[in-house]
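Architecture and fold: a report
Residue-level listing of the chains:
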Amino acid sequence: MCGIVGYCGNRKAAPVLIAGLKKLEYRGYDSAGIATLYKGGYRLVKKKGRVEGLGDGKDVKGNVGIGHTRWATHGAPSTRNAHPHVFGQVAIVHNGIIENAAELKKECLARGEKFASETDSEVIAHLINRFYRGDLAAALRACTQRLTGSYAIAVLAAGSPDTIACARQKSPLVVAKNRAGELLLASDIPAVAEEGLQVCTLQDGEIALLQNGEITVFDSTMRRINRDFFVCDAQISAPAKNGYEHFMYKEITEIPFAMRNSMPDFTQNQDFSVFYKVLCQAKYIEIVACGTAYHSGLCAAYAFEKICRIPCRVSLASEYRYRDPIVPEGALVLAISQSGETADTLAAAQLAKERGACLAALTNVGHSSITTLADFVILTGAGQEVAVAATKSFNAQLATLYAMVQALAAHQGTKVECRDLPALAALSLKASERVRSWTPYFTGAKSVFFLGRGADCFVASEGSLKLKEISYIPSEGYAAGELKHGTLALVDKETAVVAVITQQSVAQKTMNAVHEAYARGAKVFLVTAFPEYGKREEIVDHVVIPTCEEAFSPALSVIPLQVLAYSVCLACGYDPDKPRNLAKSVTVE
Ligand code: AGP
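Note that the structure is a prediction, hence the values are computed from the model and not measured.

1. Examining the overall build of the protein
For the protein, the count of helices and strands is 18 helices and 25 strands. In terms of C-alpha radius of gyration, the protein reaches 25 Å, essentially the compact-globule figure of 25 Å for 589 residues. Overall, the protein is about 75 × 50 × 45 Å in size when its C-alpha atoms are taken along their principal axes. Burial analysis of the protein (589 residues in total) assigns 62% to the buried set. Contacts in the protein between residues far apart in sequence, at least 24 positions, make up 71% of those at least 6 positions apart. Distance from the positive charge centre (62 side chains) to the negative charge centre (59 side chains) of the protein: 4 Å.

2. Focus on the packing of helix α2 (residues 101-110) against helix α3 (residues 122-131)
The geometry of α2 relative to α3 is characterised by a closest axis approach of 10 Å and an angle of 50° between their N-to-C directions. It follows from the interaxial angle that α2 and α3 lie oblique. Between α2 and α3 lies a crossing whose hand is left-handed. Contact residues: Ala101, Leu104, Lys105, Glu107 and Cys108 in α2; Val123, His126, Leu127 and Arg130 in α3. For the contact of α2 with α3, the per-class residue count stands at five nonpolar, one polar and three charged.

3. A look at the pairing of strand β2 (residues 31-38)
When you tally the buried positions in β2, you get seven out of eight residues, the bulk of the element. In this structure, β2 lies alongside strand β3 (residues 41-48), joined through eight bridges in antiparallel fashion. The partner of Leu37 across the bridge, within β3, is Tyr42. Hairpin geometry of β2 and β3 is characterised by an intervening segment of two residues between the two adjacent antiparallel strands and by a positive phi of about 45° at Lys39. Looking at chain direction, β2 and strand β4 (residues 64-70) are connected through seven bridges and run antiparallel. Following the sheet pairing, Ala35 is matched in β4 by Ile66.

4. Section: a positive patch on the surface
On the surface, Lys12, Lys39, Arg43 and Lys61 cluster together to form a positively charged patch. Looking at the element boundaries, Lys12 is found in the loop between β1 (3-8) and α1 (13-23).

5. Let's talk about the site of the ligand
Close to the ligand lie 14 residues; Ser337, Gln338, Ser339, Thr342 and Glu469 are nearest. Contact between the ligand and Lys466: an oxygen atom at 3.1 Å from a side-chain N or O atom of the residue. For the ligand, an oxygen atom lies 2.4 Å from a polar atom in the side chain of Glu469. Calculation on the ligand without its partners gives an accessible area of 410 Å², and the protein chains cover 90% of this total.

6. With respect to the packing of aromatic side chains
How two aromatic rings sit relative to each other is given by the distance of their centres and the angle of their planes. With the rule as written, the count across this model stands at 13 aromatic pairs. Where Phe266 meets Phe272, the ring centres are 5.0 Å apart and the plane angle is 55°; that geometry is what we call tilted. Neither residue differs from the other here; Phe266 and Phe272 are each classed as buried. Feature note: the residues Phe266, Phe272, Phe275 and Phe376 constitute an aromatic cluster, connected by ring pairs. Here Lys105 stacks its cationic end above the ring of Phe115, 4.9 Å away from the centre of that ring.

7. Some remarks on the pattern of salt bridges
Taken as a whole and assessed by the stated rule, the structure comprises 22 salt bridges. Notably, a salt bridge pairs Arg321 with Asp344, separated by 3.1 Å at the nearest N-O pair. Taken as a pair, Arg321 in the loop between α9 (317-320) and β18 (331-337) and Asp344 in helix α10 (residues 343-354) lie far apart in primary sequence, 23 residues in all. For the salt bridge of Lys466 with Glu462, the shortest nitrogen-to-oxygen distance reads 2.6 Å. Remark: Glu462 and Lys466 occur in helix α15 (residues 455-471); sequence separation between them is four residues, near one turn of the helix. The exposure class assigned to Glu462 is buried, which follows from its relative accessible area of 0%. A single salt-bridge network, built from bridges that share partners, covers Glu107, Arg130 and Arg146.

8. As for the sheet that holds strand β22 (residues 475-479)
One open sheet holds the five strands; their spatial order is β22-β21-β23-β24-β25, and the pairing between them is parallel. Both outer strands of the open sheet, β22 and β25 (539-544), are each paired with one neighbouring strand and no more. For this sheet, the mean angle separating the axes of adjacent strands, direction not counted, is 20°. Both strand β24 (residues 523-528) and β25 contribute to a ladder of five bridges, which runs parallel. Bridging across to β25, Phe525 finds its partner in Asp541. In this fold α15 packs onto β21 (447-452), β22 and β23 (495-501), with an angle of close to 175° to the strand it touches most, β22. Packing against the sheet, helix α16 (residues 504-519) makes contact with β21, β23, β24 and β25, and its axis sits at approximately 170° to β23.

What counts, and where the lines are drawn
- Residues numbered from 1 in each chain as written.
- Predicted model: local features only at pLDDT ≥ 70, side-chain atom pairs only at ≥ 80, totals over all residues.
- Heavy atoms only, no water.
- Helix = DSSP H or I, 4+ residues; strand = E, 2+ residues; numbered from the N terminus.
- Rg over C-alpha atoms; globule rule 2.2 N^0.38 Å.
- Buried < 20%, exposed > 50% of the residue type's maximum accessible area, 1.4 Å probe, protein only.
- Contact = heavy atoms within 4.5 Å.
- Lys, Arg positive; Asp, Glu negative; His and termini not counted.
- Charge placed at Lys NZ, Arg CZ, Asp CG, Glu CD.
- Axes fitted to C-alpha atoms, helices over the stretch in contact; angles between N-to-C directions.
- Parallel < 35°, antiparallel > 145°, perpendicular 65-115°, else oblique.
- Left-handed = near helix turned anticlockwise from the far one by under 90°.
- Nonpolar A, V, L, I, M, F, W, Y, C, P; charged D, E, K, R; others polar.
- Pairing = 2+ DSSP bridges.
- Patch = residues over 30% accessible without salt bridge, like charges linked within 9 Å, V, L, I, M, F, W, Y side chains within 5 Å.
- Areas by Shrake-Rupley, 256 points an atom, 1.4 Å probe, with all protein chains shown as cover.
- Salt bridge = Lys/Arg side-chain N within 4 Å of Asp/Glu carboxyl O.
- Near = heavy atom within 4 Å.
- Polar contact = N/O pair within 3.5 Å; in protein donor to acceptor, adjacent residues only side chain to side chain.
- Phe/Tyr/Trp six-rings, centres within 6.5 Å; stacked < 30°, edge-to-face > 60°.
- Lys NZ or Arg CZ within 6 Å of the ring centre and 35° of its normal.

Below you can see the structure in the form of structure tokens.
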């Protein structure tokens, strides 16, 4: 999704901005731009396409500037729709969506103002310019009072040298000061991270002014407030491929480590003692999440219900918030989000909390927005995930959630074991190399079905999502027993099928669906913990993954599907780290 950087110091701003934008490239975007202030005017460089198209910035004068990578929501990807947008004295960059932009634009047009783009963001520049009388923070505040929707905004004004003002509402934004006294801002810490950087995560409604080496933060009534700064971890600044061709595959290989790093002992660890108490007393668990995190929620709910017999419902965060949800007394809500910034998940979590739930956030990013919302924060230890397609973060989420299941089961007097999963994941990873040989069947397929029952069904959905997002092949994850109720009509000899069978009680039932697909000419592949099924005539080839506590098997069975998606993507000639139309963190609704 869109990214923002800002710089205010003594160096040339443009190279710093461009370097920052490059660090945000992995998040997905379609155009990029920078604006610097120089002698009361602007130096503006913006282009459709990659950040590279902006050059190195060495010839762009000015020590103060803002930069942006845009992921189109309103208005097609184009140079004129790229940010920054300049109007009158003002230049702005914006992440989010201004929901009342049409109405505000009408108002500006009636004043005789002209628009240069089709974006919702440009009205922000018009409004700030209207309200600007030399006090940039005040003008920004006057503007934000007129906006509905979500925004992170950074703004420059020709009449305010050495100054950037910024504001946040439901879209992440941090302000920071480095050891050299330079001031920075960014939508994501990695854009500006360096050793010793002091960072403050702005909260909704806050405005910050970066000026003369100082950062001043105001609340929504423009009262100065003292905010805490934390020192950022320099490691997050420079994600490296370490010899791998792509981040996605590097991150798949990191799964065993990511899992091992994400399994606190909830029964013993003092940091979680209060949370563990709440978990043991919970009468009901509700999980809210999106995409891959939603799939990890489904897998966890299956294990919670099967092993701990506690009712557990999983909701797509984007649906939950509009369902007028009932939050029963004693409900524990788990919001799962790798980034901690997904707008739908944040909104669902907020609503659940407002309705009385105890809220625990499971995220991979410390200091992310969800951490400030939750009663309990549980960090997964996957390490930074750069590829848009989530892999190791999924396994890390499962590791944490299964550790929770194990702890709750222990409280109930039942013994289950998940601590062997990281080592077993390493074996699954090794076995997964075999799926690369399946690739030609998938690049040539008209459509692909992933089938499973019980916990395998959720892994099927995740395998399908991975394939879709990076290889663009139409695919569905399906409950194997449901195939015959309609979808079987789509299956023919141009269909490839991957069946996942790790649950003994429904193994033969999934094989029935496999046979139905095979009988219609589909090429069927199998990921299984039971080698005997691989030898059946319906199966072209199979991968055997290790056995484990059955309810925990998704953490192992998903790995061959992640490798398959990666391999098919490469064979199709696409870049797995930068899938079209997608962004790493989805900060708009
Ligand atoms: C996964 O491969 C996707 N990129 C996407 O579905 C992602 O899981 C979803 O947008 C949720 O993101 P989050 O975990 O950061 O909240």
